[in-house]
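Each chain, written out:
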Amino acid sequence: MSIPDLAVEIVNKTLKDANEDTARTIVLVGSKSAGKSHLLYSFLEKSETPRETLVLEYSFGRKSSQKPGMDKTICHVWEYGGKLEMLHSVLISVPIKGKFYFCIMVDLSKIKTIWNVLETCYQAMKENYSDSDYHPELVIIGGKYDIFKNYDSEIKKVISTTMRSFALISNGNLLFYSSKEPQLVRRAKEMFFNMGFGNGVSLKEKNTNYSKPLSISKGQDTWENIGIPQSTLDQIKQRHISRITPEMDINQEVKPLQRSHPEPILDSLATLKYDELRNMEHFDPALNEYLMLIN
């Protein structure tokens, strides 16, 4: 049996052993290298060093019940590390069991990418689950706070306002996190443990001060507290991009090659090779085959 076949067998057996009352599903998506794998390894108490998540990875944790005769609680964890434009297609193939938590992690150190990550992931969530039997609870996590905390005060205020506004309008929980700060690791690990084996998201230490790491449970924030008028998602977006210019899409940066060879055919060949290399940057290898395996 091949390794992929064995992995599918393990996933299917684990899903079969769980029932809706004792199962939890956590889907973690968002920015690359924001700390997703480190957070999950901490939650699942894995001792090895996290490796890069290329497309989609599955893991699970079990917790025995303290009451005799009760089943074990099984938490199914799916982490997506591929390109965000492929997220919608990947989510279709993720099986959901029990209580469902959808977590979006953004890289706070890359402020120009924050809105695109939030918007793309949230849209993929709505497209896949709005009309389904699954209604995920949303958790928004700001990673790499150890870098973000040293940014200019005005930048931190703008980003924090955007994050709080987005969480409020999407009825999501909001937490800032860093794998480099033990207190924030403990707080995030505790939140994931409550999602996976407890009664849901629990953020005990509320903080709305942008000079410190944000920690706000859903329903615990207001437009008045944020300091802006009640807004639509589009108004939040326009307010954000007017202050933080988004990172330009790579497709918008591509310019045709200028004539540089004496023979036109050489220019044509160079253009074809250039397009081939450019398209490779947007290609996730073997994605379709991978999705077929987990169906």
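Summarised in this report is the structure supplied together with it. The structure presented is a predicted model; accordingly, all values stated were derived computationally and were not measured. (Residues numbered from 1 in each chain as written. Predicted model: local features only at pLDDT ≥ 70, side-chain atom pairs only at ≥ 80, totals over all residues. Heavy atoms only, no water.)

## Here we look at the overall build of the protein
Assigned secondary structure in the protein consists of 12 helices and 7 strands. Within the protein, the fraction of its 295 residues that count as buried is 46%. Long-range pairs, those at least 24 residues apart, make up 73% of the contacts in the protein between residues at least 6 apart in sequence. Split by element, the accessible area of the protein, about 16,200 Å² in all, is 51% carbon and sulfur. (Helix = DSSP H or I, 4+ residues; strand = E, 2+ residues; numbered from the N terminus. Buried < 20%, exposed > 50% of the residue type's maximum accessible area, 1.4 Å probe, protein only. Contact = heavy atoms within 4.5 Å. Areas by Shrake-Rupley, 256 points an atom, 1.4 Å probe, with all protein chains shown as cover.)

## With respect to the environment of L214
With respect to the element layout, L214 can be found in the loop between helix 7 (182-197) and strand 7 (215-216). Residues L214 and S160, spaced 54 residues apart in sequence, show a C-alpha to C-alpha distance of 7.8 Å. Setting aside anything within four residues of it in sequence, one finds L214 in contact with S160, R164, L174, L175, F176, N207, T208 and N209.

## A few points about the packing of aromatic side chains
For the structure on display, the rule yields 13 aromatic pairs. Judged by centre distance (6.2 Å) and plane angle (50°), the rings of Y145 and F148 are tilted. Highlighted residues: Y145 and F148, both in helix 5 (residues 145-148), separated by 3 residues, approximately one helical turn. One exposure class covers both Y145 and F148, and it is buried. Measuring from ring centre to ring centre gives 5.9 Å for F148 and F176, while their planes differ by 85°; the resulting arrangement is edge-to-face. Of this pair, F148 sits in helix 5 while F176 sits in strand 6 (residues 173-176), and the two are 28 residues apart along the sequence. Each member of the pair, F148 as well as F176, is classed as buried. Through a chain of ring-to-ring contacts, three or more aromatic side chains come together here, namely F43, F192, F193 and F197. The ring of Y41 carries the charged tip of K46 above its face, separated from the ring centre by 4.9 Å. (Phe/Tyr/Trp six-rings, centres within 6.5 Å; stacked < 30°, edge-to-face > 60°. Lys NZ or Arg CZ within 6 Å of the ring centre and 35° of its normal.)

## Side note on helix 4 (residues 114-129)
Note that an α-helix has 3.6 residues per turn; residues three or four places apart therefore point the same way. Helix length check: helix 4, at 16 residues, gives a terminal C-alpha distance of 23 Å against a target of 22 Å (1.5 Å per residue), a fit within 8%. When we look at burial in helix 4, the residues that qualify are I114, W115, V117, L118, C121, Y122, A124, M125, N128 and Y129. Looking at the buried positions of helix 4, the neighbouring elements they touch are strand 1 (23-30), helix 3 (87-91), strand 4 (99-107), strand 5 (137-143), helix 6 (153-169) and helix 9 (233-243). (Expected span 1.5 Å × (residues − 1).)

## Quick notes on the sheet that holds strand 2 (residues 56-63)
Read across the open sheet, the 7 strands follow the order 2-3-1-4-5-6-7; overall the sheet is mixed. With one partner strand each, in any of the chains shown, strand 2 and strand 7 form the two edges of the open sheet. Bridge count between strand 5 and strand 6: 4 bridges; the pairing is parallel. When the sheet's bridge partners are listed, G142 is paired in strand 6 with F176. Its contacts with the sheet put helix 2 (residues 36-43) on strand 1, strand 3 (73-80), strand 4 and strand 5, and the angle it makes with strand 3 is roughly 165°. Contacts between helix 7 and the sheet are confined to strand 1, strand 2, strand 3, strand 4, strand 5, strand 6 and strand 7, with strand 1 contributing the most and set at about 135° to the helix. (Pairing = 2+ DSSP bridges. Axes fitted to C-alpha atoms, helices over the stretch in contact; angles between N-to-C directions.)

## Overview of unusual backbone geometry
We note that S33 has phi near 60°; this positive angle belongs to a residue other than glycine. Inspection of the secondary structure puts S33 in the loop between strand 1 and helix 2. The backbone of K144 sits at a positive phi, close to 60°, despite the residue not being glycine. Structurally, K144 is set in the loop between strand 5 and helix 5.

## Looking at the pattern of salt bridges
Scanning the model with the defined rule gives 9 salt bridges in all. Notably, a salt bridge pairs K189 with E45, separated by 3.5 Å at the nearest N-O pair. Residue K189 is located in helix 7, and its partner E45 is located in the loop between helix 2 and strand 2; the two are separated by 144 residues in the primary sequence. You can call E45 exposed: its relative accessible area is 61%. A salt bridge links E205 to R186, with the nearest nitrogen and oxygen atoms 3.1 Å apart. Placement of the pair is E205 in the loop between helix 7 and strand 7 and R186 in helix 7, with a sequence separation of 19 residues. Overall, R186 belongs to the partly exposed group, its relative accessible area being 38%. (Salt bridge = Lys/Arg side-chain N within 4 Å of Asp/Glu carboxyl O.)

## Points about the environment of K149
Its location among the elements puts K149 in the loop between helix 5 and helix 6. Judged by its relative accessible area of 36%, K149 falls in the partly exposed class. The sequence separation of K149 and Y210 amounts to 61 residues, and the corresponding C-alpha distance is 9.2 Å. Among residues more than four places away in sequence, those in contact with K149 are K156 and E181.

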